[in-house]
Each structure stands twice: as C-alpha cells, then as structure tokens.
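Each chain is listed here by its residues.
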Amino acid sequence: MQVKTKAYIAFAATSILWGSTWVMSKVGVKGLPGLQLSAIRQFIAGSLIVAFFLLRKQPLPTVKQVLQLTGIGFFTFFLSNGLSTWSVAYISSGLAALIAALYPLFVVLLELFVTRKNKPNALTFMGLFLGISGIVLVFYEDASHHHAGNYVTGILLCLTATIGWSIGTVLLSKNVVKVQPQFGLGWQMLTASVLIGLLSLLTGQHIPLQQIPLFSWLALVYLIVVGSIIAYIAFLYTMKHLTPSVAALYAYINPIVALLIGAVALSEKLTVLNMIGSIITLVGVYLVNKSVRLKKNMIADADGM
C-alpha cells in the first residue's frame, strides 16, 4: 500500500474517530459526572504519554516549563476538555461538536481585538457572518424542541470551552515552551487533570469509583485509547504525509460525524434544518481559515521579496 493511500486512511480515521469521541463522552456522562470523566481520562492519557517519553530518555521539563505547560493546559484541557465533557450532559453530542468547531472564529476575534495580530479582510467577515448565522440557525431549530432546564448551561459551558481552546491555540502558536510537543501535550493533560479533579470535588461533580457503571468505564477506555492515542497518532501521520490544508479538513468532518452517530446511536434529534445550519457554520469556519492562510502567504511572499 502506498504511503499516500495510508495517509488518506489515517485522515479518514482521524475524522471519524475524533467525531465519535463526542458521542462516547455523551455515553460516559450518563453514569459518571462529566468533570470526573474528563479528569480520569486526562490523568490516564497524560500519564501514558509522559511515561512513554520518559522511557525514551526524554529529559524532565524544568519547574518553569511545567508551570508554563500548566498555564497552557488550563486553557487547552482544563477549560476546553473539562467543560466540553461536562456540557454533553445537557446538550447533544452533535451540537457540542459543532460549537467546538467554531474555535477558529474565536481565534480570529482574539487576534483582532486582543493581540491585534491580524487584520481581517472581506473573506474573514464573510466567514464570521456565515459561521454565526449557521450556529444561530441550529440554535433556533433546537429551541423548537423540549429541553431540560440545564440546556442553556450546557451551551454556555461548551462556548466557554471553545473560547478556552482558542486562547490555548494562540498561546501554543507563540511556542513559548521549549519542550518536545507531544511530551508537552502529555504534561498539559496531566496537570490539567489535577485541576479538573479539584473542580469536580468543589462542585460535587464526582461519585466513588466503585459506583461508576461498566458502560462509563468502557466509554473512558475508548476515549483514552481511541480518542487520545490512536486518533492522535493517525493525525500525526496525516500531518506528516499530506499537506496541512488537507490534514486540517478533519475539523469540518468531525461535527458531521458526531451529528450522524449521535442520531443513530443515541436517537439525538437531527433535522434538515440542523444539517443546513451545520453546513453553513462549517463553510463559515472554512472561509475564516482560508482568509488567515491567504494573509500568511501574502506576508511570506512579501518577506521573500
């Protein structure tokens, strides 16, 4: 089998497997509080990654580096994974995945109003408009169905998680921590798991380990082995053998996968209007990403002249 064929298989695996993790998180929180599920997942996955690199004689990070990684992990895993996992107890897995897909829009807004790094163009504004319009359409459609009282709480948790991931993305782009990236990722997971665990205790979002049902443990195993290890390895293989613009397309497929699997496996509501709103949102995100790439290419061309 040719390398490029394997890369496309890895791309498909990444898109489907990461999309499925939203559904498995939804399954897990049916018997286990979301914060506790996230804490256990990040602790085990982080420990495995850190142990792997230590066995390969990777030097321990300095105290300063651990503190820096903890700060980044606060946004990338404590806020992002912790709150998004909590949110699926109140909203559908497909809606949570769609909200998470909005993170490029928040990155652009952060760079526009906070860091003032990039100036938007017409394509950026068109993408922002479509992205927001699509998600409003999905919310409008969802509002027509009966939801539990914590529906709004779930939306706010997921939005906060997405903003947290966006801030973490901006921080990671600065490359302030001189640590092997995957090793650093393991430390982010590990330190964030402690913070998520503390929050679960403070908010009462925890149960004794012996009370966790088997299906939640199975969901955790899937999230750790498939979501945090196999899918990530497949993503790295994709990034190595395909262009970044192609490899990044998984982010537009994940929400659709989550919507479809959630509808089939969990009987989550999926209407034509939901799908139209989702596609409009993802087209908006794509245009925002494209506008950023075009601007970076123009800057690179100007620097090379």
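This one's a predicted model, so the numbers in the text were calculated from it and none came from an experiment.

The rules behind the values
- Residues numbered from 1 in each chain as written.
- Predicted model: local features only at pLDDT ≥ 70, side-chain atom pairs only at ≥ 80, totals over all residues.
- Heavy atoms only, no water.
- Helix = DSSP H or I, 4+ residues; strand = E, 2+ residues; numbered from the N terminus.
- Buried < 20%, exposed > 50% of the residue type's maximum accessible area, 1.4 Å probe, protein only.
- Lys, Arg positive; Asp, Glu negative; His and termini not counted.
- Salt bridge = Lys/Arg side-chain N within 4 Å of Asp/Glu carboxyl O.
- Polar contact = N/O pair within 3.5 Å; in protein donor to acceptor, adjacent residues only side chain to side chain.
- Contact = heavy atoms within 4.5 Å.
- Phe/Tyr/Trp six-rings, centres within 6.5 Å; stacked < 30°, edge-to-face > 60°.
- Core = buried A, V, L, I, M, F, W, Y, C linked by side-chain atoms within 4.5 Å.

This paragraph deals with the side chain of E268. By the element assignment, E268 lies in the loop between α11 (250-265) and α12 (272-304). Despite being buried, E268 has no salt bridge partner; K26 is the closest side chain of opposite charge, sitting 4.7 Å away. Looking at E268, its side chain comes within polar contact range of the side chain of S93, at 3.0 Å. Not counting the four nearest positions on each side in its chain, E268 is found in contact with K26, S92, S93, G94, G262 and A263.

Here we come to the packing of aromatic side chains. Any aromatic ring pair is given by two values, namely how distant the centres are and how the planes are angled relative to each other. Applying the stated criterion across every chain yields a total of eleven aromatic pairs. Seen in terms of ring centroids, F52 and F53 are 5.3 Å apart; in terms of plane orientation they differ by 85°. Their pairing is edge-to-face. Given a relative accessible area of 42%, F52 falls into the partly exposed group. Summarising the aromatic geometry, the rings of F74 and F78 are spaced 4.9 Å apart at their centres and angled 20° between planes, so their arrangement reads as stacked. Residue F74 and its partner F78 are both found in helix α3 (residues 63-87); the two are separated by four residues, about one turn of the helix. Grouping aromatic residues by their ring pairs yields a cluster made of W18, Y232, F235 and Y250.

Mapped onto the fold, T5 is located in helix α1 (residues 3-28). Overall, T5 belongs to the partly exposed group, its relative accessible area being 37%. Sequence spacing of T5 and H241 is 236 residues, and the spatial spacing of their C-alpha atoms is 9.7 Å.

Attention shifts here to the nonpolar core. Soluble globular proteins tend to pack their nonpolar side chains together in the buried interior. I91, L95 and I99 are the most contacted members of the largest nonpolar core, which has 32 residues in total. At the level of elements, α2 (34-55), α4 (93-100), α5 (103-113), α6 (122-143), α7 (151-173), α9 (214-241), α11 and α12 are the ones that each hand at least two residues to this core. Top element by residues in this core is α4. It accounts for five residues. Sequence-distant contacts of L95, defined by excluding residues within four places in its chain, comprise V138, F139, D142, Y151, I155 and L259. Ranked by size, the runner-up nonpolar core spans 25 residues in total, among them I49, V50, L185 and A192.

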